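A structural walkthrough
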Amino acid sequence: MSEEAKILVVDDEERIRRLLKLYLSREGYEIEEAADGQEALSMSLATDYDAILLDLMLPEMDGVEVCTKLREQKATPVIMLTAKGEESNRVQGFEVGADDYIVKPFSPREVVLRVKALLRRSSATKFLKTESDSHDVLVYPHLSIDKDAHRVLADDTEVNLTPKEYELLYYLAKTPDKVFDREELLKEVWEYEFFGDLRTVDTHVKRLREKLNKVSEDAAKMIVTVWGVGYKFEVNE
């Protein structure tokens, strides 16, 4: 991702927008701001941002609704900012397609690290989709994952996953039967070690299983919990 990456910062508090703009601008990013949900949605649909920092509690339209409507048209990476640390709020954000979340009050350095990780993943994905010479598809009974097209089929039915749910599934599926602990998944899929909440992994696995299960129970069962350790992708012939 080039240092000219364009980021939309959405928060109704000018102080927070100014702080985030200060730190992110130092990294060479181009920052635009929105103070309410309606403005944020209009800007995010009109402009192809590389990432959006989106507050949950906003006037006019809250962050969940903004993300829901955005996901109907775009897959722009979204980090949700929330003063509510309860799991239900995080789950709600993930359900509508947020890629990550940060709980207020936060360290500006943490935000910078999260944004860098998100942009690295997004950049790598775009490269794979446009430059790959071979068509990389993982095919298992009941499930196939087309890496280049970011397409997942469970029993021949397409499953609509968020970018982060897709990355988590692909990472597990490319090494069947290998057990990954939560710390490793945070490091490899989310690309951060120091600020990660292990429940982020659990929440994404839960959502991933639920989406697969709606289409194929057999596909959902391939994501196995290894109690006390983490998760693995198990293939049953």
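Residues numbered from 1 in each chain as written. Predicted model: local features only at pLDDT ≥ 70, side-chain atom pairs only at ≥ 80, totals over all residues. Heavy atoms only, no water.

What follows covers the UniProt feature "modified residue: 4-aspartylphosphate" (unreviewed entry) in the protein. Mapped onto this numbering, the UniProt entry annotates "modified residue: 4-aspartylphosphate" (unreviewed entry) at D55. Mapped onto the elements of the fold, D55 is located in strand β3 (residues 51-55). On the basis of relative accessible area, D55 is assigned to the buried category, the value being 3%. Apart from residues no more than four positions distant in its own chain, D55 is found in contact with V10, D11, D12, G63, L81, T82 and K104. (UniProt positions renumbered as here; feature names shortened; annotations may be inferred. Helix = DSSP H or I, 4+ residues; strand = E, 2+ residues; numbered from the N terminus. Buried < 20%, exposed > 50% of the residue type's maximum accessible area, 1.4 Å probe, protein only. Contact = heavy atoms within 4.5 Å.)

This part covers the nonpolar core. Counting 30 residues, the largest nonpolar core has L143, I145, L169 and L185 as its most contacted members. Counting residues per element, the ones that place at least two in this core are β6 (137-140), β7 (143-146), β8 (151-154), α6 (163-173), α7 (182-190), α8 (198-215), α9 (217-220) and β12 (230-233). Considering every element that reaches this core, the biggest residue donor is α6, with seven residues. Counting residues in each nonpolar core, the second largest holds 22 residues, with L8, C67, M80 and Y101 among its members. (Core = buried A, V, L, I, M, F, W, Y, C linked by side-chain atoms within 4.5 Å.)

A few words now on the sheet that holds β8. Read from one edge to the other, the open sheet built from four strands follows the order β6-β7-β8-β9, with strand pairing classed as antiparallel. Unpaired on one side and paired on the other, β6 and β9 (157-158) mark the two borders of the sheet. Relative to β7, β6 runs antiparallel, the two sharing four bridges. The residue bridging Y140 from the neighbouring strand is L143, located in β7. Here α6 sits on the sheet and contacts β6, β7 and β8; the angle it forms with β7, its principal contact strand, is near 110°. (Pairing = 2+ DSSP bridges. Axes fitted to C-alpha atoms, helices over the stretch in contact; angles between N-to-C directions.)

A separate point is the pattern of salt bridges. Considering all chains together, one arrives at 20 salt bridges under this definition. The partner of E33 in a salt bridge is K21, and the shortest N-O contact between them spans 3.7 Å. Of the two residues, E33 is situated in strand β2 (residues 30-34) and K21 in helix α1 (residues 14-26); the sequence distance between them amounts to twelve residues. Relative accessible area serves as the criterion here: at 34%, K21 is assigned to the partly exposed category. Among the ionic contacts, a cluster of salt bridges with common partners joins K6, E30 and E32. (Salt bridge = Lys/Arg side-chain N within 4 Å of Asp/Glu carboxyl O.)

Taken together, the five strands give an open sheet; going across it, the order is β2-β1-β3-β4-β5, and neighbouring strands pair in parallel fashion. The two strands at the open ends of the sheet, each matched to only one other strand, are β2 and β5 (100-103). Direction aside, the axes of adjacent strands within the sheet are offset by 20° on average. The pairing of strand β1 (residues 6-10) with β3 spans four bridges and is classified as parallel. Looking at β3, one finds that V9 is bridged to L53. Against the sheet, helix α2 (residues 37-46) makes contact with β1, β2 and β3, and its axis sits at roughly 140° relative to β2, the strand it touches most.

Another aspect to go through is the pairing of β8. Across four bridges, β7 lies against β8 in antiparallel orientation. Its bridge partner being in β8, L143 is matched across the sheet by A154. Remark: four residues form the turn of the hairpin made by β7 and β8, two consecutive strands paired antiparallel; H150 in that turn has positive phi of roughly 55°. From the end of β8 to the start of β9, which pair antiparallel, there are two residues, and D155 there has a positive phi angle of about 50°.

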